[in-house]
Amino acid sequence: MSAIIPMKDIVSLCKRRGFIFPASDIYGGVNGFWDYGPLGTELKNNIRDLWWKSMVITPPLGLDGAPLQIVGVDTAIIQNPTLWKASGHVDGFSDPMLDCRETKLRYREDKLIVLKSKDGQGHALVFHEDAEQDTIDARLKKLARGKSSADFETVSLPEIDLSEYSNLIGPDTKKAGTLTEPKEFNLMLHTYLGAAAGEDNKAYLRPETCGSIFTNFKNIVDTSRVRIPFGIAQIGKSFRNEVTPRNFIFRSREFEQMEMQFFCDPKDDIKGWFDLWKNYRKEWWLSIGLSDENLNFHEHTQDDLAHYAKEGVGAYDIEYKYPFIAPGFDELEGIHDRSQFDLSQHEKFSSKKMQYQNLQTNEWYTPYVLETSAGLTRGVLAVLCEAYTIDENRPSGMYMNCHPSIAPKKAAILPLVAKDGQPEIAQKLYMEMREHMPVDLDIKQNIGKRYARQDEIGTPFCITIDPQTREDQTVTIRERNTMAQKRVHLDQVLGYVQGNLKYS
Ligand code: GAP
């Protein structure tokens, strides 16, 4: 079992090494928004490109063993607002929220837990579901003198009756009775198009990328040579006015999704397709370096299904053991059965036929949709958490064990000293290698510090040019995880690194 790394260490590394910064950092940030720095951008692009390859370029074989067809789109973030009325988001995409009258903070009801005294005496204390035990103990010490965790039972806030609210002490106050009753709060961010800021000009920033996949269904069937069963994939930004953006990039207000809608005949083996996608998607996360012990399938109960997934074979989350919830898990990707819900709704709202004709029987039907909906930015977080490895035996005290396929830099070229012809040899090798892979050339500073930097950014190989290089044309190649070094001829460096990265 690997150690659980505190989130603050991951956030600090991300800032120190240029993976991720708070958006508008110099103005104190803006809650729920993040900027990707040079290495974070490379890492995110690598995950994005591998998803695209596995879903669009080389999708899996179908239930009959034939290669599936998945095509890609890249649609506008702002669409006709009727799309979001039809999809149910204008009326139904909300979370139950409550406010604290004293601190003016707002909370999601389903993300709060309550510690109730077992003897029924005194106040009950409310905490965020992921509050650390230290925080819980410290508040109990202050607010429930003489009692410890063992004197309390934990229940979720939705289980608490409204009549008990006057006895609750909210998560960020010392006073009882300051929490309001929960109310539904719509999560869509909106803007106004054109000069007038009225209801008629209101438009929404998409809360999921798949909305415009559905509205393009007919365009794609009419213009591409796809035949059911087939999929449409999209990667892009989504926006949600999350009330409590939390845990670094885990829940943010602007994030990226990688979604695929799979259209099939409602008479087809829906359960078979669902299982195929569920397993294929988990395998993919394993293939980019997440470990099996940190992944989990969570099946939704009928009560917590999204509004579009109420029917059909259900929904599963692929979950990851993020440090802020470990040993528990939280969502990384959703695999949803959306049945005929979206296409039927769009047919109703647009009065355009959203059906498909069976080529053998000439019969028209509304296709059945299964969805794989992964968070790209949440994937970046999972990958960062997985990679962070403590190692007291090296100057950096840690290294990032990124899977080579997603490492921002595949190799670093480091002349031992910035003289004696070494920088020139390094430069020549760099010019050759950069044609094939992202590679760093780092000439100055002591070699230990340069190795430490590459360890911290997860570079799998460091290539060092030293005095011997000029004599026999060999360099040392240091492997990140083992720190083992080996001498390789300059002509073979590229091939060696490529072979060991399995990078194409
Ligand atoms: N189209 C279906 C859909 O959007 P979802 O479960 O709401 O389903 C899918 O979202 C994925 O998008 C989640 O598993 C998560 O990875 C990512 N996601 C959702 N909300 C997010 C947020 N506020 N911040 C970061 N990622 C988010």
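All values reported here derive from a predicted model rather than from experimental measurement. (Residues numbered from 1 in each chain as written. Predicted model: local features only at pLDDT ≥ 70, side-chain atom pairs only at ≥ 80, totals over all residues. Heavy atoms only, no water.)

Draft legend 1. Quick peek at the sheet that holds strand E4 (residues 94-99). Strand order in this open sheet of three strands is E5-E4-E10, and the pairing throughout is antiparallel. Unpaired on one side and paired on the other, strand E5 (106-108) and strand E10 (183-186) mark the two borders of the sheet. This sheet shows a mean twist of 50° between the axes of neighbouring strands, independent of strand direction. Inspection of the sheet shows E4 paired to E5 by three bridges, in the antiparallel sense. (Pairing = 2+ DSSP bridges. Helix = DSSP H or I, 4+ residues; strand = E, 2+ residues; numbered from the N terminus. Axes fitted to C-alpha atoms, helices over the stretch in contact; angles between N-to-C directions.)

Draft legend 2. Main features of the domain arrangement of the protein. Once the domains are mapped, the protein shows domain 1 (7-91 + 190-295 + 320-331 + 343-386), domain 2 (94-185) and domain 3 (399-500). On a C-alpha basis, the centroid separation for the pair domain 1 and domain 2 is 34 Å. Roughly 770 Å² of surface becomes buried between domain 1 and domain 2 when both sides are summed, with 47% attributable to carbon and sulfur atoms. Summed over the shared surface of domain 1 and domain 2, the number is two salt bridges. Here aspartate 130 and arginine 246 are joined by a salt bridge, their closest N and O atoms 3.0 Å apart. Seen at the junction of domain 1 and domain 2, the total is two residue pairs in polar contact (both at pLDDT 80 or more). Tallied by class, the residues present in the side of domain 1 that touches domain 2 amount to two nonpolar, three polar and three charged. (Domains from an automatic or database assignment. Buried area = accessible area lost by both parts, 1.4 Å probe. Salt bridge = Lys/Arg side-chain N within 4 Å of Asp/Glu carboxyl O. Polar contact = N/O pair within 3.5 Å; in protein donor to acceptor, adjacent residues only side chain to side chain. Nonpolar A, V, L, I, M, F, W, Y, C, P; charged D, E, K, R; others polar.)

Draft legend 3. The arrangement of the packing of helix H2 (residues 38-57) against helix H10 (residues 376-387) in detail. Orientation of H2 relative to H10, taken along the N-to-C sense of each, is 110°, at an axis distance of 10 Å. Judged by the inter-axis angle, H2 sits roughly perpendicular to H10. The way H2 lies across H10 gives a crossing that is right-handed. Mapping the contact onto sequence places Leu43, Lys44, Ile47 and Arg48 in H2 and Leu376, Thr377, Gly379, Val380, Val383 and Leu384 in H10. Taken together, the residues of the contact of H2 with H10 break down into six nonpolar, two polar and two charged. (Parallel < 35°, antiparallel > 145°, perpendicular 65-115°, else oblique. Left-handed = near helix turned anticlockwise from the far one by under 90°. Contact = heavy atoms within 4.5 Å.)

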